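Summary of the model geometry
Here is what each chain is made of, one letter per residue.
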Amino acid sequence: MAGNSIGKEFVVTTFGESHGRVVGVVLDGCPAGLPLSETDVQTELDRRIPSKTGIVSGRIEKDRVNIQSGVFNGFTTGAPISMTVENKETQSSDYEMIKEMPRPGHADYTAGIKYGRFNDYRGGGRFSGRVTVGLIMAGVIAKKLLNTVDVDVLAYTKAIGNVKMSESPSAEEIKERKYQTAVRCPDLACAKRMEEAIIQVRKESDSLGGIIECIAFYVPAGVGDPLFDSLDADIAKILLSIPAVKGVEFGAGFEAAELKGSENNDAYRIQQGKVITSTNKSGGILGGMSSGMPIVVRVAVKPTPSIGKEQKTVNIHKMKDATIKVTGRHDPCVVPKAVPVVESAVAIVLADHMIRAGILPKVLKVKE
Ligand SMILES: Cc1cc2nc3c(=O)[nH]c(=O)nc-3n(C[C@H](O)[C@H](O)[C@H](O)COP(=O)(O)O)c2cc1C
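Residues numbered from 1 in each chain as written. Predicted model: local features only at pLDDT ≥ 70, side-chain atom pairs only at ≥ 80, totals over all residues. Heavy atoms only, no water.

Not every one of the 19 residues close to the ligand is listed here, only the nearest: Phe127, Ala244, Lys302, Ser306 and His330. The separation between an oxygen atom of the ligand and a polar main-chain atom of glycine 129 is 3.4 Å. Interatomic distance of 2.5 Å between a side-chain N/O atom of serine 306 and an oxygen atom of the ligand. For the ligand, whose unbound accessible area comes to 630 Å², protein coverage reaches 90%. Looking at the shell around the ligand residue by residue, the class counts come to 6 nonpolar, 8 polar and 5 charged. (Near = heavy atom within 4 Å. Polar contact = N/O pair within 3.5 Å; in protein donor to acceptor, adjacent residues only side chain to side chain. Areas by Shrake-Rupley, 256 points an atom, 1.4 Å probe, with all protein chains shown as cover. Nonpolar A, V, L, I, M, F, W, Y, C, P; charged D, E, K, R; others polar.)

Let us look at the layout of surface pockets. The computed volume of the second largest pocket comes to approximately 370 Å³. In terms of lining residues, the second largest pocket is bounded by 16 residues, among which Glu44, Arg47, Lys143, Leu154 and Glu343 are the most central. At the level of elements, α1 (38-48), α3 (132-147), β8 (152-160) and α4 (171-177) are the ones that each hand at least two residues to the lining of the second largest pocket. A per-class count over the lining of the second largest pocket returns 5 nonpolar, 2 polar and 9 charged. (1 Å grid on protein atoms, 1.4 Å probe; cavity = no way out; pocket = protein on both sides within 12 Å on 5 of 7 lines; lining within 4 Å. Points joined across faces, edges and corners; volume = space filled by probe spheres on them. Helix = DSSP H or I, 4+ residues; strand = E, 2+ residues; numbered from the N terminus.)

What follows is about empty space enclosed by the protein. In the structure shown here, the tally under the stated rule is 1 cavity of 30 Å³ or more. Empty space within the largest cavity amounts to approximately 40 Å³. Along the walls of the largest cavity sit Ala107, Asp108, Ala111, Asn119, Asp120, Tyr121, Gly124, Gly125 and Phe127, which together make up its complete lining.

So, on to the environment of threonine 39. Checked against the element boundaries, threonine 39 lands in helix α1. On the accessibility criterion, threonine 39 (55% relative accessible area) is exposed. With 26 residues separating them along the chain, threonine 39 and valine 65 place their C-alpha atoms 8.5 Å apart. (Buried < 20%, exposed > 50% of the residue type's maximum accessible area, 1.4 Å probe, protein only.)

Our focus in this paragraph is the sheet that holds strand β16 (residues 295-301). Spatially, the 5 strands line up as an open sheet ordered β9-β8-β10-β16-β11, and their pairing is antiparallel. Each edge of the open sheet carries a strand with a single partner, namely β9 (163-164) and β11 (245-250). The pairing of strand β10 (residues 210-217) with β16 spans 7 bridges and is classified as antiparallel. Of the residues in β16, the one forming a bridge with isoleucine 212 is valine 299. Packed onto the sheet, helix α6 (residues 231-240) meets β11 and β16 and runs at close to 160 degrees relative to β11. (Pairing = 2+ DSSP bridges. Contact = heavy atoms within 4.5 Å. Axes fitted to C-alpha atoms, helices over the stretch in contact; angles between N-to-C directions.)

Here it is, written out as structure tokens:
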């Protein structure tokens, strides 16, 4: 099963299954000299789980990070960094039924066809949202690296079902408010309606999806390589590898298809000796390279596939139609938990491209 690594200079490999001993990540290519502690990583892992009951599953998932290598005297050494988290909250018996009856919308059927009796179906195995813990841990390091050159990557919930935030918030608003709300939305009134929508859908044994927006501020112009290594292609690839992400758009995105050139082009102007654009329909990327404007990307997250409502499926052993009510502890909406994953994924690609562009050096100048 290849395909678990991403990046050229900042190479992230995640490993582990939902109900295996650990989930983890190996990060190769992190410059030496970055201050790093387990507390840095732990803070972000703790933010993964919204504290409010009713909008997340009953799984407690008290994750404790363990950094095994690549850090010495509180700084990265340039060697591979290995980090793991133990899987403690596993209830594999919940998954016996899906050996025979694949959950509609999950990867049980496709993984069963591909890996046969060797497929680790427990908790969705390698196809579980749980494996994104590795991305979050690598993302902590990517974001710290980007901060050394003043780049800030911030994601937040823009929509849950049909409850949408209309305005794009400022960096300060996202930072200050998104963790005040269980749904990770910086508009407090909108967040309340989102929570209510999730609580309601849970009562109906159903689920909801939503939209996450991620903005990378202060990325200098010219980051990204041609064609197949373009910045937007690489960002789209990592985002689409997050379980449940079904769509990616930059800037005006799909709306651009309905605009005229004169409406969609971002006009240039000079502001305080710098080239900027009056609008940002391109989402900060032109020709696969950053334009110097904020990089704005949105992902569509589908509703959680595992729902208690009765659905049609098949019994693949008996080759007969069947019905399934998925039991176990599933989030009625995975969007809040996916927010730090999206933020980490974008940061990982930016760190990789900025090392490739020589903007981030192989050895950092340590401020003593
Ligand atoms: C953070 C996170 C948590 C998730 N939790 C669940 C869950 O509790 N139950 C579930 O059925 N799917 C969950 N998913 C989604 C499935 O893993 C995903 O839909 C499945 O692997 C099929 O992949 P696809 O939707 O990308 O095609 C989660 C996804 C993420 C990113």
